[in-house]
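Descriptive analysis of the structure
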Amino acid sequence: MSVGFIGAGQLAHALVRGFTAAGVIATQRITASCPDTDLPTVSGLRKMGVNLTTSNKETVSKSDVLFLAVKPHIIPFVLDEIGPDIEDRHLIVSCAAGVTISSIEKKLLQYRTNPKVMRCMTNTPVVVREGATVYATGTHAEVEDGKLLEQLMASVGFCTEVEEDLIDAVTGLSGSGPAYAFTALDALADGGVKMGLPRRLAVRLGAQALLGAAKMLLDSEQHPGQLKDNVCSPGGATIHALHVMESGGFRSLLINAVEASCIRTRELQYLADQERISPAAIKKTTLDQVLQQPGVTVSGVANGNGRSGLSLFNNRGPGVKKKN
Amino acid sequence: MSVGFIGAGQLAHALVRGLSAAGVIATHRITASSPDTDLPTVQGLRKLGVNFTTSNKETVHKSDIIFLAVKPHIIPFVLDEIGSDIEDRHLIVSCAAGVTISSIEKKLQQYFATPKVMRCMTNTPVVVREGATVYATGTHANVEDGKLLEQLMASVGYCTEVEEDLIDAVTGLSGSGPAYAFTAVDALADGGVKMGLPRRLAVRLGAQAMLGAARMLLDSEQHPGQLKDNVCSPGGATIHALHVMESGGFRSLLINAVEASCVRTRKLQFLADQEKISRAAIKKTTLDKVLQQPGVNTEAVGNRPRGISFFNTSNPRTKKN
């Protein structure tokens, strides 16, 4: 089995590091493509032994499972580019926040009658094999495809199937969650330093305390509130600390954060559904590099007010598969 | 080597579970004592195969390393009770927040010239072997004693030696830290449920995200701010979320929390140093049970500033076995 990544940024890099550490796939069976070879993650991927290319079409031809690891607004662009190259064996897994399975299927159906599509939301701790991943299955993907994806993603953390309508909420919670944690850890370390600890020790102790608490919660059947109670001895230091947190509306800030991330995700999905890819969304240099790929031409570039904006078709009509 | 716990509450229970899961000591070589046999943790300890007793003196006799796992205001009470039973081999490790090594040495020196005392601050995730522990070494404890304690505590998480004056700050950060985390995951799960997730999944994803992020930070040389930047794609969902957190002063609340816990710890230490153990701090039923132990009796309890104190019938400085 070969795995390919369209996109060679943070997500592709984190997934490749996790998969290889888990030993589920050898790096020589992984291909990644990206028009921008200057990304720091590109050299990281090369060092791991991944086949790197500037051609998305090459990634498709070399892979069975294809992860779309590009930013949401680039997805339609990529789908039009690789659509003609999709074959029966291909399983397309989109990791893009807010991009629906139906929008991907709609685009690919111009090229192929039964595109196998899945959608997943994961997060960067896959790099240390402690990721949180959910996935939803598209119209033409089979049970075995779901199991295959789940096997891959479970090697790098928690993975479960969900209904697609939950994925935006998952984005707000565990997709963005690591950023909330990094911010909290920075602040906790500041607190430790304020009270006299050296910085390195403060960062270490803060991270270890969060890690240990999270592990306790995952290993326990108890409610987080019960676990919190167990740590608060009467009149002690911890309950004093909790009071100041509650006084500042700590909990509410975290609920706000999950909500804000989820809402923004839904907004990005809405914008994408309008199919407004303005030319401004794609760098001229990137566009030039893609146009240099064999078999890709551009037609009908609007001035930004046209409904379809930029679209890329090969020189055959839609609906006709271009053979390799 | 045998290990004893004076006190059989949350901390003793968590440490025993972690140490036995780590395989560093067999539970039958562990003794724990408490006058209160109704604590739920007592049952847990019994089930683990620990020797449980109501006699602190028995714990001392059966152990080489003795963890003092009782609340801070009980420490002087316990030291007076066991002081005359301390021998050369004993290493006393106090886990009580805010109780200084010097206050413990001062009390024990009434009974034994060179008590080996160490002080540690740990936290409850020792129960899943992901604790955070620091320790400081007392006047008469050796380098080997430090290494022994470090070996034990490193089997259940991170452990490092520090200067004693840092321990109160550590209490505020990693001692209380798990409570901050449990509160955070509860709130994150509420957020997930608000946006449509079932509760169990929301708790699972919130805890997993926190665990993964902490693991990334521990395994990385990078600054937490850099790791945060890496997760925030331009115009994306995450940076929107971070903005609302910052607007509410999220970071400041956590700094406040660490400070409040540390300040309270120092205050508890100050109160303890006054040596005011009011009678009200000890339940009559507990006091009665301790008094039933052989070799313990009370002097006349008056209104002395020292409140209750316990002496056995021999003179101080005469070792009683």
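- Per an unreviewed UniProt entry, chain B goes by the name Pyrroline-5-carboxylate reductase and belongs to Scophthalmus maximus.
- We quote the UniProt Subcellular location (unreviewed entry) comment for chain B here in full: "Mitochondrion".
- Turning to chain B, the UniProt record has this under Pathway (unreviewed entry): "Amino-acid biosynthesis; L-proline biosynthesis; L-proline from L-glutamate 5-semialdehyde: step 1/1."

- Looking at an unreviewed UniProt entry, one finds chain A named Pyrroline-5-carboxylate reductase, with Scophthalmus maximus as its source organism.
- According to the UniProt record, the Sequence similarities (unreviewed entry) comment for chain A is "Belongs to the pyrroline-5-carboxylate reductase family."
- Of the comments in the UniProt record for chain A, the one headed Subcellular location (unreviewed entry) reads "Mitochondrion".

**Some words on the domain arrangement of chain A**
- Under the domain assignment used here, chain A contains domain 1 (3–164) and domain 2 (176–269).
- Centre-to-centre separation of domain 1 of chain A and domain 2 of chain A, based on C-alpha positions: 32 Å.

**Some details on the environment of B:Pro40**
- As for its placement among the helices and strands, B:Pro40 is situated in helix H2 (residues 40–48).
- Relative accessible area serves as the criterion here: at 67%, B:Pro40 is assigned to the exposed category.

**Observations concerning the UniProt feature "domain: Pyrroline-5-carboxylate reductase dimerisation" (unreviewed entry) in chain A**
- According to UniProt, the feature "domain: Pyrroline-5-carboxylate reductase dimerisation" (unreviewed entry) maps to residues 164–268 of chain A in the numbering used here.
- Summarising residues 164–268 of chain A: 82% helix, 0% strand, and an end-to-end C-alpha distance of 16 Å.

**Quick word on the sheet that holds strand S4 (residues 65–68) of chain A**
All names here are of chain A.
- Overall, mixed pairing links the 8 strands, which are arranged S3-S2-S1-S4-S5-S6-S7-S8 in an open sheet. A strand with exactly one partner marks an edge of an open sheet, and here the two such strands are strand S3 (51–53) and strand S8 (157–161). Put simply, the sheet's adjacent strands are angled 20 degrees from each other on average, direction ignored.

**Details of the UniProt feature "binding site: NADPH" (unreviewed entry) in chain B**
- Per the UniProt record, "binding site: NADPH" (unreviewed entry) is found at B:Asn56.
- With respect to the helices and strands, the residue B:Asn56 is situated in helix H3 (residues 56–62).

**Observations regarding the UniProt feature "domain: Pyrroline-5-carboxylate reductase catalytic N-terminal" (unreviewed entry) in chain A**
- Mapped onto the present numbering, the UniProt feature "domain: Pyrroline-5-carboxylate reductase catalytic N-terminal" (unreviewed entry) falls on residues 3–98 of chain A.
- The span residues 3–98 of chain A is 39% helix and 20% strand, and its two end C-alpha atoms sit 23 Å from each other.

**Some details on the interface of chain A and chain B**
- Counting residues at the interface gives 100 residues for chain A and 99 residues for chain B.
- Taken together, the links from chain A to chain B amount to 4 salt bridges.
- For the pair chain A and chain B, the interface holds 14 residue pairs in polar contact (both at pLDDT 80 or more).
- For the side of chain A that touches chain B, the secondary structure elements donating two or more residues are strand S7 (131–137), S8, helix H7 (167–175), helix H8 (177–194), helix H9 (199–219), helix H10 (224–231), helix H11 (237–247) and helix H12 (250–273) of chain A.
- Per-class residue counts for the side of chain A that touches chain B are 55 nonpolar, 29 polar and 16 charged.

**So, empty space enclosed by the protein**
- What the rule picks out here adds up to 6 cavities of 30 Å³ or more.
- For the largest cavity, the calculated volume is near 150 Å³.
- Lining the largest cavity are 18 residues, with A:Ala181, A:Ala184, A:Leu210, B:Ala184 and B:Met210 sitting closest to its centre.
- Taken together, the elements giving at least two residues each to the lining of the largest cavity come down to H8 and H12 of chain A together with helix H8 (177–194), helix H9 (199–219) and helix H12 (250–273) of chain B.
- Ranked by residue count, the leading element in the lining of the largest cavity is H8(A), at 5 residues.
- In terms of residue class, the lining of the largest cavity is made up of 16 nonpolar, 2 polar and no charged.

**Details of the sheet that holds strand S2 (residues 30–33) of chain B**
All names here are of chain B.
- One open sheet accounts for 8 strands, arranged S3-S2-S1-S4-S5-S6-S7-S8; its pairing is mixed. A single partner strand is all that each edge strand has here, and the edge strands are strand S3 (51–53) and strand S8 (157–161). Recorded for the sheet is a direction-independent mean angle of 20 degrees between the axes of neighbouring strands.
- Pairing between strand S6 (residues 116–121) and strand S7 (residues 131–137): 4 bridges, direction antiparallel. By the bridge assignment for S7, Met 118 is matched with Thr 137.
- Packing of helix H4 (residues 75–82) onto the sheet brings it into contact with strand S1 (3–6), strand S4 (65–68) and strand S5 (91–94), and relative to S4 it is tilted by some 150 degrees.
- On top of the sheet, helix H5 (residues 101–108) reaches S5, S6 and S7; it is set at about 150 degrees to S6, its chief contact.

**Side note on unusual backbone geometry**
- Phi at A:Arg129 is positive, roughly 65 degrees, even though this residue is not glycine.
- Note on placement: A:Arg129 falls in the loop between strand S6 (116–121) and S7.
- Its identity is not glycine, yet B:Arg129 carries a phi of approximately 65 degrees, on the positive side.
- If you trace the backbone, B:Arg129 turns up in the loop between S6 and S7.
- Using a relative accessible area of 37% as the deciding quantity, one classes B:Arg129 as partly exposed.

Conventions used here
- Residues numbered from 1 in each chain as written.
- Chains lettered and ligands numbered in written order.
- Predicted model: local features only at pLDDT ≥ 70, side-chain atom pairs only at ≥ 80, totals over all residues.
- Heavy atoms only, no water.
- UniProt positions renumbered as here; feature names shortened; annotations may be inferred.
- Domains from an automatic or database assignment.
- Helix = DSSP H or I, 4+ residues; strand = E, 2+ residues; numbered from the N terminus.
- Buried < 20%, exposed > 50% of the residue type's maximum accessible area, 1.4 Å probe, protein only.
- Pairing = 2+ DSSP bridges.
- Axes fitted to C-alpha atoms, helices over the stretch in contact; angles between N-to-C directions.
- Contact = heavy atoms within 4.5 Å.
- Salt bridge = Lys/Arg side-chain N within 4 Å of Asp/Glu carboxyl O.
- Polar contact = N/O pair within 3.5 Å; in protein donor to acceptor, adjacent residues only side chain to side chain.
- Nonpolar A, V, L, I, M, F, W, Y, C, P; charged D, E, K, R; others polar.
- 1 Å grid on protein atoms, 1.4 Å probe; cavity = no way out; pocket = protein on both sides within 12 Å on 5 of 7 lines; lining within 4 Å.
- Points joined across faces, edges and corners; volume = space filled by probe spheres on them.

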